[in-house]
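Results of the structural survey
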Amino acid sequence: MTDPIMSARGSIRTSVAEKAMFLRSWLRDPRLVGAVAPSGRSLAALITSDIQSADDPIIELGPGTGVFTEALLARGVPRKRLVLVEADRAFAYSLGRRFPGVRVLHMDAAHLGQTGVFFGGERASAVVSGIPLLAMPVEKALAILRGAFLRHLRADGALYQFTYLPRCPVPHALLERAGLHAVRIGVAVANLPPAFVYRFQRM
Ligand SMILES: C[S@@+](CC[C@H](N)C(=O)[O-])C[C@H]1O[C@@H](n2cnc3c(N)ncnc32)[C@H](O)[C@@H]1O
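Below is a short write-up of the structure. (Residues numbered from 1 in each chain as written. Predicted model: local features only at pLDDT ≥ 70, side-chain atom pairs only at ≥ 80, totals over all residues. Heavy atoms only, no water.)

Overview of the side chain of Ser 39
Looking at the element boundaries, Ser 39 is found in the loop between helix H2 (30-33) and helix H3 (41-47). With residues near it in sequence (within four places) discarded, Ser 39 still touches Val 67, Phe 68, Phe 162 and Asn 191. (Helix = DSSP H or I, 4+ residues; strand = E, 2+ residues; numbered from the N terminus. Contact = heavy atoms within 4.5 Å.)

In structure tokens, the structure reads:
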């Protein structure tokens, strides 16, 4: 039987190690990482709340230490139906060790439009993104959205993005250029800092 005290100590150690890794990655490249600490569970629950069918293929962008990955797996997404796209080498390596059976791609999500397909003939039903879209040049944000929607998402698929500002993280004009519309689906007030989640879909 699992000793509850040892198990609690283990998860505290994991959480401290994750925070330390996050801070190290942020110190190396603050613009890439965009936050000094991983998201909390309330944000992970909100950003994955629309994921209903356990068998749909899902792509996660910018998983970091894997807070959203954990929530997706807890929702029943099978490991082989999940692809993680992470630009930071240390995060990508650690994700591969932490989530065996989940495909981890160490790459810039701006190249999503040039990759092969991830799930054979099938397209993803959702993309869950932790990428700091607001902090990057507009053309790069547009390349990520286009790559996700044109190459990887099915027609009714959606991309979920969080942001710390109470407005859509992609300017309206840019959304129009990409043929998308956005709806705010909620706010995770318990997250530090509080975060807003938007759902992007084709117009
Ligand atoms: C704000 S952190 C979010 C991490 C995690 N999803 C969370 O909420 O705790 C942003 C993450 O996006 C990754 N990232 C930033 N730009 C990226 C890009 N162009 N392609 C892939 N990953 C990127 C960073 O390395 C980092 O893991």
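And the narrative resumes.
Some details on the pattern of salt bridges
By the definition in use, this model includes 10 salt bridges. Between Arg 81 and Asp 55 there is a salt bridge; the shortest N-O distance is 3.8 Å. One end of the pair, Arg 81, is in the loop between helix H4 (67-74) and strand E2 (82-86); the other, Asp 55, is in the loop between H3 and strand E1 (58-61), and 26 residues separate them in sequence. Of the residues examined, Arg 81 reaches a relative accessible area of 14% and is grouped as buried. The partly exposed category is assigned to Asp 55, whose relative accessible area is 45%. As a salt-bridge pair, Glu 70 and Arg 98 come within 2.8 Å of each other at their nearest N and O atoms. Of this pair, Glu 70 sits in helix H4 while Arg 98 sits in helix H5 (residues 89-98), placing them 28 residues apart in sequence. (Salt bridge = Lys/Arg side-chain N within 4 Å of Asp/Glu carboxyl O. Buried < 20%, exposed > 50% of the residue type's maximum accessible area, 1.4 Å probe, protein only.)

Quick notes on the site of the ligand
Neighbouring residues of the ligand: 23 residues in total, closest Ser 39, Gly 62, Glu 86, Asp 108 and Ala 109. Within the side chain of Asp 108, one N or O atom sits 2.8 Å away from a nitrogen atom of the ligand. Take Ala 109: an N or O atom from its main chain is 2.8 Å from a nitrogen atom of the ligand. Protein contact buries 98% of the 590 Å² of open area that the ligand shows by itself. Across the shell around the ligand, the residue classes tally to 15 nonpolar, 4 polar and 4 charged. (Near = heavy atom within 4 Å. Polar contact = N/O pair within 3.5 Å; in protein donor to acceptor, adjacent residues only side chain to side chain. Areas by Shrake-Rupley, 256 points an atom, 1.4 Å probe, with all protein chains shown as cover. Nonpolar A, V, L, I, M, F, W, Y, C, P; charged D, E, K, R; others polar.)

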